[in-house]
Structure formats: structure tokens, C-alpha cells
Amino acid sequence: MTGYIVRRLLQLLPVLLLASLGIWAMIYAVPGGPVASIVGENANPEQIREVTQRLGLDRPVLVQYWAWLTSALTGDLGASLHAREPVLHLIMQRVPATLQLGFCATLVGLLLGIPVAIASAIWPGSWIDRTLSGWSALALGVPTFWLGILLILLFSVELRWLPSASAYVSFFDSPLQALRNTAMPALTLGTYVSGIFARFLRASLLSELKADYVRTARSKGLPERDVVGRHVMRNALLPFVTIVGLMLANFIGGTVVTEAVFTYPGLGRLLIQAIGSRDYPLIQGCILFILVIYVLMNLLVDVLYAYIDPRIEYR
Amino acid sequence: MTARRMQRRIETAKRLFSHPGALLSGAFLLLTLLLAFLAPWVLPIDPLLQDVSASLEPPSARYWFGADELGRDLLARVIYGARTSLITAAGAVAIAACIGIPIGLVAGFFGGWRDAVLMRIIDVLLALPGILFAMAMIAVLGRSQLAALVAVGITGVPSFARITRAQVLSLRQRDFVLAVEALGGSSAYTMFKTVLPNSWSPILVQVVVLSSVAILLEAALSFLGVGIPPPTPSWGDLLRTGKSFLYEAPTYAVLPGIALTLTILSLDTLGRTLATVLEDRREIAGASSEGSGR
């Protein structure tokens, strides 16, 4: 097992190196290069020389990359051009908001998705199955930003129950306010995820229901509720864990659109603001941060899967 | 194209459109295509003509979908937005296919170090959620319609590469491929003339599925304000602006969303039905070749 984890980590190394090279090179691909992105395009030669020297841009390119990479590894992602604050600090301020939204959305997705999957797997091909499959297709097809707008129209404009712009309030500080502010974004994102969950779990349940042990359980007279609840669910939930984990990984950066709809102050909005104001150190920092978390979460899910299913070979 | 292959395609199309969902989706997409590309000649509407006195007018006999904040006809903007979406999606899918298919072909056909290197590059493309990858590319390229098209296209490369590779791997050791090689067919000949023509089914499904993904991604980017720059009408940008007028003109953000959602759902339905139809066909073909004592 340890060997498997080490091997997977080593496999990740070239990917992370190549990706970091890409993120670092971003700033050089911008018209005018890194200097123009910092001093602006109308800077005088004095300023340009000063910035070039301060950032060490007159050094060989590989040396520059190495310096950037080593300081990034120690958590120094540079300073934001506009906020004049360390990039990592700005990112860390936003992480709790995105995490809270991600967890709530996953919860909504599970609450909506699991019953749908079970109902349609128990009666495959029935009108219930067809209706619920239609629902899953709808959940996946409706763009989250449009669904978000519809929810705002209903709950904020028509009914005036919830604020149309969501602030970040931690559940630990004020549960009621947190619920008011997180409900709509979580429902929006959760509906989409429920479609993925439902489709995946349905397929997984259907393939388990064909297994020999199900026939044995049924033929010894076990009630259908126990067959599904005790035997099938346990086995079907196994691959399902991976999907839930992958979704959580996705949410580290994947809440961008939902955050934009509800002007929710998460990591995604920070990135959009950074792109809007051409704050390149902040853009690089956000992307590098999301990338590392995303890749490591993916690895964690694989390892977890191998751990809970002894049939998987660690190769 | 041989007559037999032509006939098989007609057969597949017939089977596909015998599903009511696929037929409905196909009809909607055809209508959207016709409207989007014939609009300048057929419809007496202009997406850029401003009439400030009609600003944010609700739907009426003159403006079926209402008017936007500058008094421009929203129906016209939704129809011309379809044009933007469809062109961007088509371009993006073309880019994804032109890069992804050869990568998958080479990786699967040769294996070894070529496979390892190419698949690591694909892993890098997959190291970020698609929308973030596209945003990063646009941050570098600057905001333009071409940048959106390229960014969406590059995010689609991995799926083509992987599907083609999987298909090639399953065909690589089949008798007819080995036979072509044994008869002295060059690698290029075997790849493009023998393996690729037998890999089209899953790639075709991918084209349809990815079109829907590309339309959604482009709309999301424009909604975030990093996609297609105004004044070019696009569905994502209409939703973005419409969102600022939810109290004054609620239909503004609702109607473009319906067009977007129906297009995505249609493509998705078409793609999934096509996948089952092609799967059935392969099962039949597989059964007959089993019978021939393979």
C-alpha cells in the first residue's frame, strides 16, 4: 500500500512540474511580458529598469523559474499587484467560504441524488425510472448560472425570503444566517451534482443487482428491502465514494460560476477578480493552489478506493 | 464511400431518429441552425439597432422577447447569440478533434515512450477543472472570440485523445490490423487507413457530447465576463447583463437561458441516443463475427 502511494506520487511529479512550468510561463506569454504586467504599458525606462532588477528578470530564464518554484514550494507566491498583500494570504481568506459551499452542495447532491438512484434502480425501465432519468438529464443540462438566476428570481425577487447576493457567514458563528446565505448557492450547485450522483449510483446499483449473491439472498427468502439495503447498497456505494470525492476535489475551483451568480466571496471569485484586474501574481497563485489541491485530492480518492476495496490491485 | 457503408449510415440515422427524444432534439437543433445562419436574410430584426425609448421593455408584439437596457431587440440578440455559440462550439470541437485524435492514435498505436509522454501531457491538461484551464488560457491570450474558441477547444483535447487511444488499443492486436502490417502497410497507412476508420463510432458520439460541453463552457466564460467580448451577442453575456436587471425586467435573463438549456439538452439527448444506437449496432456486428468462427 505504501509502495502504491509512493509510486503514484512519483507519477504525479512530472505532471506537477510541467503544470507549474506552464503557470510560471503564463506571465511571459502576456503581451509586454512580466514587466509590462506590473508597471503598465506606459511606464518610463527608469521604472522598467527598476522592476527588472527588483524581480531579477535579467537573470537566465531557468534560474528565474527555479527561484519562483522554490519560493512557491515554501508558500511564498509573491504579492498581489493591487491588494499589495501576500497572494497566499488572500487565497487563505477565501478558502473557508469555498469549502463551506462545496460541502453544503455535496450534501444537497447526496440528499437529492441517492433516493433518485435507488428508486430508478429498483424499478428499471418503469415510468418512475424514466421520469427520474429525465430529472437527472435536466439537472445536468440546465446551466448552473441560469438555475441560480431562476432561484434568485423566485426566492429573492418574488418571495423576498433570501438575499440575492450571498455573503459568507460561517455555520459555526451564526447557523441561521449561514443557512440563509448558503442555501441558494448550495441548492444550485447541489442540483447539478445530484444528476451526476444519481446517474452513477443507478448504474452501479443495476450492475450489482445482477450479481449472484443477490439471487442467493432472494432465493433464501430475504425481503427485497434487506437485499437492497444491506447487501447491494454496501457494494454499490464503493465506487460511488470515488465520485463523491472527485466532486469535492472539483469544488475547490469548480464553484467559480456559482460564486459569480451569487457574488459569493470564494476562491473562484478571487480568480475572476484577478483576471479582470490583470493581477498576474494573484492569477498564478490561485491557479497553482487549486491545481495542487485538485491533483492531491484526486490521488487521495484513488488511494481511498484502493484501501476500501481489497479487490483493487495496487499497480 | 461504398454503397454498403452509405446504406449502413442511413440505417443508423433511421434507428437514431426512431427515438422520439432524439427526433425532437434533432428538429430543435435544425431549427436553431437555420434561424441562426439565415437570420440576416430571413428575419427583419437587427441585434445591434438601439432604441433607447424601448429600454428594458417587457415582451410585446413588437419585441417578442422584450428589449435590453439599450433598447435592442432581445429576440434578435438571442438568435444572433445562437450563431456565436454554434460557431464557437464548432470551432472548439474541431480544434479538440484535430489535436486529440492524432495524439490518441499515436499513443495507442505505438505504445512505449510515445504513449507515456503524450499521456503525461494529457494529464497536465486534466490537472485543472476545464473551466479554470480555459480561464487561465484567456488570462494569457486576452479576451476575444478567438481566445474563447481556442481555450474551449484545448480543454476538449483530453477526451478525444483518451477515447481514440482506448479504441486503438482495442483494435491494435485484431487480425485485420496485424494482416495489414504483415502485408507491409506502413505505420501511417495502418493508423489512418485501417485503425482510424474503424474507430469512428465513439469519436462521433464524442463530437456530439463535446459540442454540448463547448456551448456550456463558452456561455459560462461569457457569463463570467471573460468569454466573448460585447457587443457581439452571446447567450452567456445576455445572462450576465440580464442578471443586473432581475427586478426591472425578469424575462431578460430567463429567455436566453431557455434557448441555451434547450440546445444543451438536445445535444446531450442526441449524443446519448447515438451512443446506444451505435452500441446496439456493434453488438449485432459482434454477434455475426462470433458466428463466423473468429
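No experiment lies behind these values; they were computed from the predicted model shown.

Each value, and the rule that gives it
- Residues numbered from 1 in each chain as written.
- Chains lettered and ligands numbered in written order.
- Predicted model: local features only at pLDDT ≥ 70, side-chain atom pairs only at ≥ 80, totals over all residues.
- Heavy atoms only, no water.
- Helix = DSSP H or I, 4+ residues; strand = E, 2+ residues; numbered from the N terminus.
- Buried < 20%, exposed > 50% of the residue type's maximum accessible area, 1.4 Å probe, protein only.
- Contact = heavy atoms within 4.5 Å.
- Lys, Arg positive; Asp, Glu negative; His and termini not counted.
- Charge placed at Lys NZ, Arg CZ, Asp CG, Glu CD.
- Buried area = accessible area lost by both parts, 1.4 Å probe.
- Salt bridge = Lys/Arg side-chain N within 4 Å of Asp/Glu carboxyl O.
- Phe/Tyr/Trp six-rings, centres within 6.5 Å; stacked < 30°, edge-to-face > 60°.
- Domains from an automatic or database assignment.
- Polar contact = N/O pair within 3.5 Å; in protein donor to acceptor, adjacent residues only side chain to side chain.
- Nonpolar A, V, L, I, M, F, W, Y, C, P; charged D, E, K, R; others polar.
- Patch = residues over 30% accessible without salt bridge, like charges linked within 9 Å, V, L, I, M, F, W, Y side chains within 5 Å.
- Areas by Shrake-Rupley, 256 points an atom, 1.4 Å probe, with all protein chains shown as cover.
- Core = buried A, V, L, I, M, F, W, Y, C linked by side-chain atoms within 4.5 Å.
- pLDDT = per-residue confidence, 0-100.

Trainee: Explain the overall build of chain B to me, and be specific about the residues and the numbers.
Mentor: Within chain B one finds 11 helices and zero strands. Sequence-ordered secondary structure for chain B, helices as α and strands as β, is α-α-α-α-α-α-α-α-α-α-α. When its C-alpha atoms are laid out on the principal axes, chain B stretches across 75 × 45 × 30 Å. Taken over 294 residues, chain B has a buried fraction of 50%. Relative to all contacts within chain B whose residues are 6 or more apart in sequence, the contacts with residues 24 or more apart total 69%. With 24 positive and 19 negative side-chain charges, chain B shows a spacing of 10 Å between the two charge centroids.

Trainee: So what's going on with the interface of chain A and chain B? Which residues, and what values?
Mentor: Interfaces are often described in size by the accessible area the parts lose on coming together. Each side of the interface is counted separately: chain A has 42 residues, and chain B has 34 residues. At the boundary of chain A with chain B, total buried surface from both sides reaches about 3300 Å², with 82% on carbon and sulfur atoms. The largest per-residue losses of area from chain A upon contact with chain B belong to Phe145, Trp146 and Ile149 of chain A, which jointly make up 18% of the total buried on that side. At the junction of chain A with chain B, the criterion picks out one salt bridge. A salt bridge links Asp268 of chain B to Arg199 of chain A, with the nearest nitrogen and oxygen atoms 3.8 Å apart.

Trainee: I'd love a proper account of the packing of aromatic side chains, names of residues and values included.
Mentor: Residues and elements named next belong to chain A. Throughout the structure, instances matching the rule amount to six aromatic pairs over all chains. For the ring pair Tyr65 and Trp68, a centre distance of 6.4 Å and an interplane angle of 25° mean the geometry is stacked. Note that Tyr65 and Trp68 are positioned in helix α4 (residues 61-73) at a spacing of three residues, about one turn of the helix. Note on Tyr65: relative accessible area 9%, which makes it buried. With relative accessibility at 17%, the residue Trp68 sits in the buried group. On the numbers, 6.0 Å between centres and 35° between planes, the contact of Phe155 with Trp161 is tilted. For Trp161, a relative accessible area of 54% corresponds to the exposed category.

Trainee: Describe in detail the domain arrangement of chain A, supporting the description with residues and values.
Mentor: Residues and elements named next belong to chain A. Per the domain assignment, the segments of chain A are domain 1 (2-73) and domain 2 (89-308). Computed over C-alpha atoms, the centres of domain 1 and domain 2 are 34 Å apart. Listed as interface residues are 16 residues of domain 1 and, on the opposing side, 12 residues of domain 2. Here domain 1 meets domain 2 over a buried area of about 1400 Å², counting both sides, of which 83% is carbon and sulfur. Where domain 1 packs against domain 2, one counts zero salt bridges. For the pair domain 1 and domain 2, the number of links is two residue pairs in polar contact (both at pLDDT 80 or more). At the level of secondary structure, the elements contributing two or more residues to the side of domain 1 that touches domain 2 comprise α1 (2-29) and α4. It is α1 that contributes the most residues to the side of domain 1 that touches domain 2, 12 residues altogether. Taken together, the residues of the side of domain 1 that touches domain 2 sort by class into 13 nonpolar, two polar and one charged.

Trainee: An account of a nonpolar patch on the surface is needed here, citing residue identities and associated values.
Mentor: Residue and element names in this part refer to chain A. There is a patch of nonpolar side chains on the surface, built from Met1, Val241, Leu304, Tyr307 and Ile308 and spanning about 440 Å² of accessible area. When residues of the nonpolar patch are assigned to their parent elements, the largest contribution, three residues, is made by helix α13 (residues 280-308). In this structure, Leu304 sits in helix α13.

Trainee: Residues and numbers for the nonpolar core, please.
Mentor: The biggest cluster of nonpolar side chains holds 132 residues, and the ones touching the most others in it are Ile91, Phe145 and Ile283 of chain A together with Ile131, Met135 and Leu224 of chain B. The biggest single contributor to this core is helix α3 (residues 74-110) of chain B, with 14 residues. Mapping this core onto the domain boundaries places at least three of its residues in each of domain 1 (2-73) and domain 2 (89-308) of chain A. Not counting residues within four places of it along the chain, the set of residues in contact with Met135 of chain B comprises Val256, Leu271, Ile272 and Ile275 of chain A together with Leu221, Leu224 and Val226 of chain B. Of all hydrophobic cores here, the second largest spans 29 residues; its members include Ala97, Ile196, Ala217 and Val228 of chain A.

Trainee: I'd love a proper account of the confidence of the model for chain B, names of residues and values included.
Mentor: Residues and elements named next belong to chain B. In the predicted model, chain B carries a mean pLDDT of 83, and 93% of its residues have values of at least 70. When mean pLDDT is compared element by element in chain B, α3 scores highest at 90, while helix α11 (residues 250-291) scores lowest at 76. For the stretch residues 286-294, pLDDT sits under 50, and the model shows two contacts to residues farther than four places along the chain or on other chains. Two numbers describe this predicted complex: its pTM, 0.86, and its ipTM, 0.84.

Trainee: Give a description of the environment of Gly141 of chain A that names residues and reports values.
Mentor: Among the structural elements, Gly141 of chain A can be located in helix α6 (residues 127-141). Its relative accessible area of 3% is what places Gly141 of chain A among the buried residues. Not counting residues up to four positions away in its chain, the partners in contact with Gly141 of chain A are Thr261, Ile264 and Leu265 of chain B.

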